[in-house]
Amino acid sequence: MTRPAPKSFHVKSFGCQMNVYDGERMAELLGAQGMAAASEADAELVILNTCHIREKAAEKVYSDIGRQRREDGTRPMIAVAGCVAQAEGTEVTARTKDVDIVVGPQAYHELPQMIARAAKGERVHDLDLPGLDKFSKLPARRKTGPTAFLTVQEGCDKFCTYCVVPYTRGGEISRSYAAIVDEAKSLVDAGAKEITLLGQNVNAWEEDGKGLEHLIRALDAISGLQRIRYTTSHPNDMTDGLIRAHADVEKLMPFLHLPVQSGNDRVLKAMNRKHTADSYLKIIDRVRAARPDIALSGDFIVGFPGETEAEFEDTLRLIEAANYAMAFSFKYSPRPGTPAATMDAQIAPEVMDDRLQRLQGLLNTQQLAFNQASLGKRIQVLLERKGKLDGQKIGKSPWLQSVHIIADAQIGDMVEVDLVSAGPNSLAGTLVSKDVNAA
Ligand code: SAH
Ligand code: SF4
Ligand code: F3S
């Protein structure tokens, strides 16, 4: 079907922060072409920026595509982007007539040309994984706001046996130091006070033998930038240099997301994690020696094929030993094409449910205890958004806790707050002083 070239777009991103970043860059790219951002219901082009990590990820995308039909029977131009696009490839357009464009996570800089071809009635695919090509071809950052994501590293070489990411994102590759520092400066010029460096394995970033701490120190020198974070890290890439940065870079926030997945060495080996429970705990000890107040976060999978009750209990023991401030936990999901999907002894759903509940019970107790231990502290909070109540603002503590205040202060202010109450998912504070770091 030919149609007029779309003048408006809507990007709907699922999955990890890297997908959020990609979604923002797609929006900036289309904005630079003169297209206007619109709601999902009104946009002439809808981009579904998909994630493939969970159960039935592809099915959900197909039902989302179906929901794009509008009351008058028409539909917008539809592009499927992200990791389902990469994993399913031309399957997507074979299975439904309602998709015009399939574009992988490394190829979306080609969107303007693809949209033009789709308007002529062509069904267009671009699933190349050309590494870092897109970054040099995208327009400069336009995003404004107090917090920003910045992708510094793409892809993964770790091949954990349960995971699709090495297939959907390709191998590990680092953007150049110069390009990253440039992008960071333009984000700060546009008002960012906090930058989160992103990568599937962000601490595998390197250039000429220099690691992520080199980048962190470069960002530390940008005046106007007040907070630096990074995610997600792999235990095996947690170098001494990066740990040292936690001791002496003041802008580096006391937070570390370091997934472990399991606390049992047999399971870790079957997952191809290449670390043990003990080596993980030793890394945590070193990080805490460098930065005693660090908030630790992690990811866990319960019910990996063959996981016994005793092996699962090792994970509970590791959680007790590590003590998390927050965590993400998942039931194992067989991902098509991964080695674990065809392993023997897949675990029954009700066993997984039971283990997940027990694991989350323990993690929730730790999270509440961590939040309660913050009570009485006077801290800085970067206000990110309005809350539901009149005058309410929500921001983040240095430890990435959500903090609510009701005060006459602006989004983007770094305020000083006394923490007065703590729940499992957030804290409340009272304002002590407005915009403490105002220049
Ligand atoms: N590169 C990051 C993020 C990977 S995806 C890392 O290594 O931590 C985020 C999380 O999803 C993983 O840490 C893992 O806990 C979970 N995950 C990935 N594949 C999964 C699967 N097949 N089943 C269940 N959880 C999975
Ligand atoms: Fe997936 Fe493992 Fe790579 Fe993380 S380290 S993205 S879990 S393969
Ligand atoms: Fe999902 Fe792809 Fe991120 S599978 S978690 S969107 S890398």
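None of these values were measured; they are calculated from a predicted model.

1. A word on the site of ligand 1
Move 1: The environment of ligand 1 is made up of 14 residues, and the closest members are Tyr162, Gln200, Gln261, Asp299 and Ser333.
Move 2: Between a nitrogen atom of ligand 1 and a main-chain N or O atom of glutamine 200, the distance comes to 2.6 Å.
Move 3: Protein coverage of the free-state accessible area of ligand 1, which is 530 Å², stands at 89%.
Move 4: Taken together, the elements giving at least two residues each to the shell around ligand 1 come down to strand S15 (295-302) and strand S16 (326-331).
Move 5: Split by residue class, the shell around ligand 1 holds six nonpolar, four polar and four charged.

2. Focus on the sheet that holds strand S18 (residues 392-396)
Move 1: Around the barrel, five strands lie side by side as S17-S18-S19-S21-S20; this closed barrel has mixed pairing. Strand after strand, the sheet turns through a mean of 55° between neighbouring axes, direction not considered.
Move 2: In terms of strand pairing, S18 meets strand S19 (residues 402-406) through five bridges, oriented antiparallel. For glutamine 392, the partnering residue across the bridge sits in S19 and is isoleucine 406.

3. Observations regarding the nonpolar core
Move 1: In this structure, Leu197, Leu212, Tyr230 and Tyr324 are the most contacted members of the largest nonpolar core, which totals 50 residues.
Move 2: Beyond its immediate chain neighbours, meaning those up to four positions away, tyrosine 230 contacts Thr196, Leu197, Val202, Leu212, Ile216, Met238, Leu242, His246, Leu252 and Leu256.
Move 3: Core analysis: the second largest hydrophobic core is formed by 21 residues, Ala79, Ala81, Val103 and Leu138 among them.

4. Comments concerning the domain arrangement of the protein chain
Move 1: Domain parsing of the protein chain yields domain 1 (8-126), domain 2 (146-373) and domain 3 (378-433).
Move 2: Relative placement of domain 1 and domain 2: their C-alpha centres are 28 Å apart.
Move 3: If you look at the interface, domain 1 gives 19 residues, while domain 2 gives 21 residues.
Move 4: On inspection of domain 1 and its partner domain 2, the count reaches two salt bridges.
Move 5: Here aspartate 22 ties to arginine 169 by a salt bridge, and the two come within 2.9 Å at their closest N and O atoms.
Move 6: For the interface between domain 1 and domain 2, the tally reads nine residue pairs in polar contact (both at pLDDT 80 or more).
Move 7: Considering each element in turn, the side of domain 1 that touches domain 2 owes the most residues, seven residues, to helix H1 (residues 17-32).
Move 8: Taken together, the residues that form the side of domain 1 that touches domain 2 break down as nine nonpolar, five polar and five charged.

What counts, and where the lines are drawn
Residues numbered from 1 in each chain as written. Chains lettered and ligands numbered in written order. Predicted model: local features only at pLDDT ≥ 70, side-chain atom pairs only at ≥ 80, totals over all residues. Heavy atoms only, no water. Near = heavy atom within 4 Å. Polar contact = N/O pair within 3.5 Å; in protein donor to acceptor, adjacent residues only side chain to side chain. Areas by Shrake-Rupley, 256 points an atom, 1.4 Å probe, with all protein chains shown as cover. Helix = DSSP H or I, 4+ residues; strand = E, 2+ residues; numbered from the N terminus. Nonpolar A, V, L, I, M, F, W, Y, C, P; charged D, E, K, R; others polar. Pairing = 2+ DSSP bridges. Axes fitted to C-alpha atoms, helices over the stretch in contact; angles between N-to-C directions. Core = buried A, V, L, I, M, F, W, Y, C linked by side-chain atoms within 4.5 Å. Buried < 20%, exposed > 50% of the residue type's maximum accessible area, 1.4 Å probe, protein only. Contact = heavy atoms within 4.5 Å. Domains from an automatic or database assignment. Salt bridge = Lys/Arg side-chain N within 4 Å of Asp/Glu carboxyl O.

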